[in-house]
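Observations on the model geometry
Here's the letter readout for the chains.
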Amino acid sequence: MVFTIDPSLDDEPDRETGNTRRFQNLGQALKGLGRVNAQAVVIDLSSGPIEHAQDLRRLIDAARCPVFVLGMSGANRVLAHSTQIPPSPQSEPGQQ
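Along each chain, the written sequence defines residue order, and numbers are assigned to residues from 1. Only residues with pLDDT of at least 70 get local features here, since the model is predicted, and only at 80 or more are side-chain atom pairs given and counted; chain-wide, interface and lining totals rely on the full set of residues. By convention in this description, side-chain values take in all heavy atoms of the structure and omit both hydrogens and water.

On to the overall build of the protein, then. On a plain count of helices and strands, the protein comes out with two helices and five strands. A run of DSSP states H or I qualifies as a helix once it reaches four residues; a run of E qualifies as a strand once it reaches two. Both are numbered from the N-terminal end. Scanning the protein from its N terminus toward the C terminus, one meets helices and strands in the order β-β-β-α-β-α-β. Relative accessible area decides the class of each residue, using a 1.4 Å probe on protein chains only: under 20% of the type maximum gives buried, over 50% gives exposed, and in between gives partly exposed. Split into buried and exposed, the 96 residues of the protein put 26% on the buried side. Any two residues whose heavy atoms approach within 4.5 Å at even a single point are treated as in contact. Contacts in the protein between residues at least 24 apart in sequence constitute 51% of all its contacts with a sequence separation of at least 6. Accessible surface, the protein as shown: approximately 6800 Å² in total, 49% of it carbon and sulfur. For the accessible areas, the method is Shrake-Rupley and the probe is 1.4 Å, while residue cover comes only from the protein chains on display.

Here we take up the confidence of the model for the protein. Overall, the prediction assigns the protein a mean pLDDT of 76, with 66% of residues at 70 or greater. Mean pLDDT across the secondary structure elements of the protein bottoms out at strand β2 (residues 15-17), with 59, and peaks at helix α1 (residues 26-34), with 89. Here pLDDT means the predictor's own confidence in every residue, given as a number from 0 to 100.

It is worth spelling out α1 at this point. All of the buried residues in α1 are L26, A29, L30, G32 and L33. Seen along its axis, α1 keeps its buried residues to an arc of 160 degrees; they face one direction. Packing partners of the buried residues in α1 comprise β1 (2-5), β3 (20-23), β4 (41-44) and α2 (53-63). The opening residue of α1, the one whose side-chain oxygen lies 3.1 Å from the backbone nitrogen of G27, is N25. This arc corresponds to the set of directions leading from the helix axis out to the C-beta atoms. Here a polar contact is taken to be a pair of N or O atoms separated by no more than 3.5 Å, where protein atoms must pair a possible hydrogen donor with a possible acceptor and residues adjacent in sequence count only if both atoms sit in side chains.

This part covers the nonpolar core. The nonpolar side chains of a soluble globular protein tend to be buried, and buried together. In plain words, nonpolar cores are sets of buried Ala, Val, Leu, Ile, Met, Phe, Trp, Tyr and Cys residues tied together by side-chain atoms within 4.5 Å. Core analysis: the biggest nonpolar cluster contains 14 residues, and L33, V41, I50 and L59 have the highest contact counts within it. Listed by contribution, the elements that provide at least two residues to this core are α1, β4 and α2. The dominant element in this core, judged by the number of residues it contributes, is α2, at four residues.

Rendered as structure tokens:
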């Protein structure tokens, strides 16, 4: 199934055509993603609509499955190379 975000859509926000579902914005797409049983999500950061690290976190939370992120070379504006989602667990005192 392919999700497409197109802000120019009319008032019919969740339109399904074959295997493609079209949404007006990222929020609606994430709600739609939450209603399907996805086995994996693939997103290309170079084509949008993810613009901020918070958007990527929202996607990962909504997906409830593995998320494969492509186009990281264009993601310098989105994520620092040290970003871990979810954040790495803090080590216990006395552990190495």
